[in-house]
Amino acid sequence: MRCQWCHNPESQEVGVEQVFVQRTLDGKTYESVLTFGRWQLSKDVMKEIEKDELFYRESSGGVTFSGGEPLMQADALEELLVLSKEKGYHTAIDTSGYAEPAAVKKVMETTDLWLFDLKLIDDLKHIEFTGVSNDLALNNLETLARAGKKITIRFPLIPGITDDNDNLKSIALLMKKLALTRIDVLPYHSIAKDKYKRMGKMFLMEGLKDPDEGKINEVKDFFIGQGLDVGIGG
């Protein structure tokens, strides 16, 4: 996906990205290279994860694999999930759902919690604002729900894009259909703007204001009224 409001544009490409930057100081121009991403073996990633083992034990927490889209690297993700479960860690995947069904099935049994993004139910709007159809994501969500997996829906609240009544009602109806009860509302924020600038990428949400507390509570109250368990952020 290429969500127009994406907060992590550095995670959209599969490989390492390098950006050449020019800076001027005292009339002199200096060039430097910014590198985004690095290749690592699963065992090296696990060494980083294990550093926080004490916190997992004391908080009953665990490890969440996010991105971007972690299912883009399903084989490595499967390795990390298996290693995490061997250590007794709770595991979660934060996903857009835009992945091949085989990738979802590959990691289904080693994932304790699915944090699943639901942005737009209308397919044409989904294509307009993310660049892809939502068919694949919705099919994967249904597969997980039918399998009885623990799922939290994550809803990005983007003013003027995802917050219209039709979309809110459609999300609530889909959750009821799939017997899902938990939704986290994620209010838009513009802190990624400087990141786009550093990467030389266009920031498409220029001028969009963060939703105010009144709007956030309005959306929260709507979902509560639909019988859902609602959180803000997360």
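From a predicted model like this one, the values you see are computed outputs, not experimental measurements.

Draft legend 1. Region of the structure containing the packing of helix H1 (residues 42-50) against helix H3 (residues 74-86). Closest axis-to-axis distance for the H1/H3 pair is 10 Å, and the angle between their directions is 45°. It follows from the interaxial angle that H1 and H3 lie oblique. H3 is crossed by H1, and the crossing has right-handed handedness. Residues Ser42, Val45 and Met46 of H1 form the contact with H3, whose own contacting residues are Ala76, Glu79, Leu80, Leu83 and Ser84. In the contact of H1 with H3, the residues fall into 5 nonpolar, 2 polar and 1 charged.

Draft legend 2. Broad picture of empty space enclosed by the protein. Here the structure, examined in full by the defined rule, presents 1 cavity of 30 Å³ or more. In this structure, the largest cavity encloses a volume near 50 Å³. Looking at the largest cavity, the residues that line it are Met1, Ser96, Asp117, Leu118, Lys119, Leu120, His126, Asn134, Ala137 and Leu138. Classifying every residue of the lining of the largest cavity by side-chain character gives 5 nonpolar, 3 polar and 2 charged.

Draft legend 3. Examining the layout of surface pockets more closely. Approximately 1,000 Å³ is the volume attributed to the largest pocket. Taken together, 28 residues form the lining of the largest pocket, with Arg38, Gln40, Val45, Ser66 and Gln73 sitting closest to its centre. Mapped by element, the contributors of at least two residues to the lining of the largest pocket are H1, strand E3 (62-65) and H3. Sort the elements by how many residues they give to the lining of the largest pocket and H1 lands first, with 4 residues. Of the residues belonging to the lining of the largest pocket, the class tally is 13 nonpolar, 10 polar and 5 charged. Along the walls of the second largest pocket sit 28 residues, with Cys6, Asn8, Gly68, Asp117 and Lys119 positioned nearest its centre. Counting residues per element, the ones that place at least two in the lining of the second largest pocket are strand E4 (90-95), strand E6 (151-157) and strand E7 (182-187). A breakdown of the residues in the lining of the second largest pocket according to their chemical character gives 11 nonpolar, 11 polar and 6 charged.

Draft legend 4. Layout of the sheet that holds E7. Taken together, the 6 strands give an open sheet; going across it, the order is E3-E4-E5-E6-E7-E8, and neighbouring strands pair in parallel fashion. Because the sheet does not close on itself, it has two edges, and the strands there are E3 and strand E8 (229-232). Direction aside, neighbouring strands of the sheet carry axes that sit 20° apart on average. As defined by bridge partners, E6 adjoins E7 across 5 bridges and the pair is classed as parallel. Of the residues in E7, the one forming a bridge with Phe155 is Val185. Here helix H7 (residues 165-177) sits on the sheet in contact with E6 and E7, set at roughly 175° to E6.

Quick notes on the rules
- Residues numbered from 1 in each chain as written.
- Predicted model: local features only at pLDDT ≥ 70, side-chain atom pairs only at ≥ 80, totals over all residues.
- Heavy atoms only, no water.
- Axes fitted to C-alpha atoms, helices over the stretch in contact; angles between N-to-C directions.
- Helix = DSSP H or I, 4+ residues; strand = E, 2+ residues; numbered from the N terminus.
- Parallel < 35°, antiparallel > 145°, perpendicular 65-115°, else oblique.
- Left-handed = near helix turned anticlockwise from the far one by under 90°.
- Contact = heavy atoms within 4.5 Å.
- Nonpolar A, V, L, I, M, F, W, Y, C, P; charged D, E, K, R; others polar.
- 1 Å grid on protein atoms, 1.4 Å probe; cavity = no way out; pocket = protein on both sides within 12 Å on 5 of 7 lines; lining within 4 Å.
- Points joined across faces, edges and corners; volume = space filled by probe spheres on them.
- Pairing = 2+ DSSP bridges.

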